[in-house]
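# Coordinate analysis (summary)
Chain residues, written in single-letter form:
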Amino acid sequence: MVAITLPDGSIKKFDSAVTGAEIAAAIGPGLARDALAIRLDGELKDLGAVVERDARVEVVTRKDADALELLRHDAAHVMAEAVKELYPETQVTIGPAIEDGFYYDFARQTPFTPEDLERIEARMREVVERDEPIAREVWDRGEAIAFFKQQGEHYKAEIIADLPPGEEITLYRQGEFIDLCRGPHLPSTGRLGKAFKLTKLAGAYWRGDSNNEMLQRIYGTAWASEAQLADHLHRIEEAKRRDHRRLGREMALFHFQDEAVGMVFWHPKGWTLYGLLVDYVRRRLAAAGYVEVNTPLLVDRSLWEASGHWEKFREHMFTVEADERTLALKPMNCPGHVQIFRQGLKSYRDLPLRMAEFGACHRYEPSGALHGLMRVRGFTQDDAHIFCTDDQITSESVAFCDLALGIYRDFGFTDIVIKLADRPAVRAGDDAVWDRAEAALKSAVEATGLEYELNPGDGAFYGPKLDFVLRDAIGREWQCGTLQVDFVLPERLDASYVGEDGARHRPVMLHRAILGSIERFIGILIEQYAGKFPLWLAPVQAVVATITNDADAYAAEVAAALGAAGLRTELDTGSDKIGYKVRLHSTRKVPLLLAVGKREAAERTVSIRRLGGKAQEVLALDEAVARLTEDATSPIGRRPG
RNA sequence: GCCGAAGUAGCUCAGUGGUAGAGCAACUGAUUCGUAAUCAGUAGGCCCGCGGUUCGAAUCCGCGCUUCGGCACCA
């Protein structure tokens, strides 16, 4: 007797062991038809899995969130089957389900072409049409290895040979195609349905190691319904429309060109934005007790040798020869800050010393890593180093988390994941110090009340760190802030302070950034806001547009009044119709459009239209200036001057 | 850096061996209009670069550069 507890709490009894399919059938014919798999005591299993003892069972259908992973995993297998049919000389390797879809890595001499992709997708649809049953088989390890070797599938044989001893070797067979797989799978290929699409071709290293040969990866997306697929494709289009590289060009914010690969040419409107961000952060830092400094871009090699960068970071540094010496463009600001710290004797009374710099850094990034503003070779960090005692690590960490989260909130980021990376295998400093530093970071994160993830062993060699990952308006994640504890650099560069006891001590350095790089953060903001910046950040805040040229003189007066009140204002006295001007400035994403015609000129009013809205608000000029300057106030109050 | 694809007007793209094109943007003129496109005209090109094949190359071939999609990298 086997008693199966269903999700609604009811219990079905069977005389002997039953399969998932039989359980579904016992509940109802509709469910039997829709069943894809079961969840047995919380664990996903094939529909054909046998339940031999009392258990909780849920029947999984397309409507369940679990179904997506199954569908995607099956899509990968169906793709592999299609590829083997079309190109039998191809070897299969691995093909997992991933976010939004799946991929499969293949080994093949001649690369796949975009036309091959179409053929493969068409063949996949035939495999689905055939509705081949998918059967699970348990194999002996040696036999499985011999089988795949004999099939010419050397990668599969290698994977099996590397599986931990004692692990059950399961193969899944569908039609002529048989693949090593942990499962679970759908009962047949027909259940995959039609809601899938192959999306891109890419290279990928075998086992993710760049020392290995490169395989060919085919990516696809798969969903439970065609409506979901259409939604997904629509989201991709939406993301393209938000792409900061496209918006940056359209909005005349910046450009790149071949003579300065990976470095930004900031245009007037982009530089306005840049300045606004720096100004905002500068005032936040001042309020949080930081001092600001500036250190040289070009520094002699000897300092980088002393700091350890020459040894660990050399290949990412640009160098310059001059005066028979080798200078390096700074890739980081920390060694420079230690030089300032070392000027003059420091007392424990000087600590914590929070030293900030909008530090222009250059790094020779691999060419394939460059990506618009997000990954550049010349950028400016909102960097700071906090020199403090061991005892101050906790309070400084808590204060930093508070500051960072406040800043993120001002830009509309509230969905933030914090990652705590602790000691790596190879590290500097003794364990007692690591214990304290890790505990300090942990208590700082806990004080924020936010959830955090542990990245075990992912800390820097010189200390543990917290990373702040923001999730933007369309769900993408960006790592921005960081807080790193460093016990090593003060030692290497001989920073010290005099303690209460009159003896010399090593300070601890906390490396920290909030936006990360200004360039990158602007890229993120462009995409977060889809170019429609909040009023305080918009490069052009208002356009005064005339309805007829009779209002030109008054319009100039309105624009001047707004400009005098500190609003970034443009005047449009062109001879186009007001409808055209509304459209033009709307597509340019100007937040405020002030239309003035004969009526406004006569009454000394303005008609305000806000971006995205249709409503117009007619206000007296003085009132409008007061209202709009109020609306344009930055989150930390009016800009001085 | 590695695999693949692409590079034609400011932008989006057509042109696949025989006189470089369209739409939008720009410029000029007319129009003076009440909230997402007024009309007409003009101008705009080392077709990424360098070699090669050919009577002839934007088009075919080779090399290089850059960009895009991934992989690796992101101390």
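Model, not experiment: these values are computed from the prediction.

### Describing the sheet that holds strand S2 (residues 11–14)
As summarised here, the arrangement of the 5 strands in space is S2-S1-S7-S4-S5, forming an open sheet in which the pairing is mixed. Looking along the sheet, the strands with just one partner apiece sit at the ends: S2 and strand S5 (43–46). The average angle at which neighbouring strand axes cross in this sheet is 35°, direction not considered.

### Describing the protein's contact with RNA strand B
Near RNA strand B, the surroundings consist of 48 residues, among which Phe313, Arg363, Ser367, Asn549 and Glu600 are the closest. The sugar and phosphate moieties of RNA strand B supply 48% of its atoms located within 4 Å of the protein. One of the side-chain nitrogen or oxygen atoms of Arg375 is found 2.8 Å away from a base oxygen of RNA strand B. Measuring from a base nitrogen of RNA strand B, one finds a side-chain N or O atom of Arg583 at 2.4 Å. It is helix H18 (residues 578–587) that provides the largest number of residues to the surface near RNA strand B, a total of 7 residues. Residues belonging to the surface near RNA strand B are distributed by class as follows: 18 nonpolar, 15 polar and 15 charged.

### Points about the domain arrangement of chain A
The domain boundaries assigned to chain A delineate domain 1 (2–60), domain 2 (65–239), domain 3 (274–291 + 346–529) and domain 4 (542–631). Placing a centre on the C-alpha atoms of domain 2 and another on those of domain 3 gives a separation of 41 Å.

### Some thoughts on the pairing of strand S31 (residues 542–546)
Where burial is concerned, most of S31 is hidden: 5 out of the 5 residues are buried. Pairing of S31 with strand S32 (residues 569–572), which is carried by 4 bridges, proceeds in the parallel orientation. For Ala542, the partnering residue across the bridge sits in S32 and is Thr569. A crossover links S31 with its parallel partner S32, the connecting element being helix H17 (residues 552–564), and its sense is right-handed. Across 5 bridges, S31 lies against strand S33 (residues 592–596) in parallel orientation. Paired with Thr546 across the bridge in S33 is Val596.

### Brief notes about the nonpolar core
Ranked by internal contacts, the top residues of the largest apolar core, which has 67 residues, are Tyr408, Phe411 and Phe468. With near-sequence residues (within four places) excluded, Tyr408 lies in contact with Phe413, Ile416, Phe468, Leu470, Cys480, Gly481 and Ile514. Ala76, Leu86, Val127 and Phe177 belong to the second largest nonpolar core, which has 33 residues in total.

### Details of the packing of aromatic side chains
Summed over the entire model, instances satisfying the criterion amount to 22 aromatic pairs. Geometrically, the ring pair formed by Phe254 and Phe256 is edge-to-face, given 5.9 Å between the ring centres and 80° between the ring planes. The cationic tip of Lys346 hangs over the ring face of Phe341; the distance from NZ or CZ to the ring centre is 5.5 Å.

### Digging into the pattern of salt bridges
A complete count under the given rule lists 51 salt bridges for this structure. The salt bridge partner of Lys156 is Asp179, with a shortest N-O separation of 2.7 Å. With Lys156 in helix H6 (residues 154–162) and Asp179 in strand S13 (residues 177–180), this residue pair connects regions lying 23 residues apart in the sequence. Like Asp179, Lys156 is buried. Close ionic contact of Glu438 with Arg423 constitutes a salt bridge, the shortest N to O distance being 2.8 Å. In this pair, Glu438 is assigned in helix H14 (residues 431–448) and Arg423 in the loop between strand S24 (416–421) and H14, connecting sequence segments 15 residues apart. Salt bridges sharing partners connect three or more residues here, namely Glu81, Glu85, Arg123, Glu126, Arg130 and Glu132.

### Some remarks on unusual backbone geometry
Of the consecutive residues Gly183 and Pro184, the connecting peptide bond is found in the cis state with omega at -5°. One can find Pro184 in the loop between S13 and strand S14 (196–205). Cis geometry marks the peptide bond from Leu351 to Pro352, where omega comes out at -5°. Relative to the helices and strands, Pro352 resides in the loop between helix H12 (334–341) and strand S22 (353–362). Phi is positive for Arg207, close to 60°, though the residue is something other than glycine.

### Remarks on helix H16 (residues 518–529)
Here H16 contains 12 residues, and its C-alpha end-to-end distance of 16 Å stays within 8% of the 16 Å for a straight helix at 1.5 Å per residue. Counting buried positions over the 12 residues of H16 gives 12, a clear majority of the element. Residue Ser517 occupies the N-cap position of H16, its side-chain oxygen lying 3.3 Å from the main-chain nitrogen of Glu519. Of the residues flanking the end of H16, it is Ala530, one or two places downstream, whose phi is positive at about 55°.

Rules of the game
- Residues numbered from 1 in each chain as written.
- Chains lettered and ligands numbered in written order.
- Predicted model: local features only at pLDDT ≥ 70, side-chain atom pairs only at ≥ 80, totals over all residues.
- Heavy atoms only, no water.
- Pairing = 2+ DSSP bridges.
- Helix = DSSP H or I, 4+ residues; strand = E, 2+ residues; numbered from the N terminus.
- Axes fitted to C-alpha atoms, helices over the stretch in contact; angles between N-to-C directions.
- Near = heavy atom within 4 Å.
- Polar contact = N/O pair within 3.5 Å; in protein donor to acceptor, adjacent residues only side chain to side chain.
- Nonpolar A, V, L, I, M, F, W, Y, C, P; charged D, E, K, R; others polar.
- Domains from an automatic or database assignment.
- Buried < 20%, exposed > 50% of the residue type's maximum accessible area, 1.4 Å probe, protein only.
- Right-handed = clockwise from strand over helix to strand, strands pointing away.
- Core = buried A, V, L, I, M, F, W, Y, C linked by side-chain atoms within 4.5 Å.
- Contact = heavy atoms within 4.5 Å.
- Phe/Tyr/Trp six-rings, centres within 6.5 Å; stacked < 30°, edge-to-face > 60°.
- Lys NZ or Arg CZ within 6 Å of the ring centre and 35° of its normal.
- Salt bridge = Lys/Arg side-chain N within 4 Å of Asp/Glu carboxyl O.
- Expected span 1.5 Å × (residues − 1).

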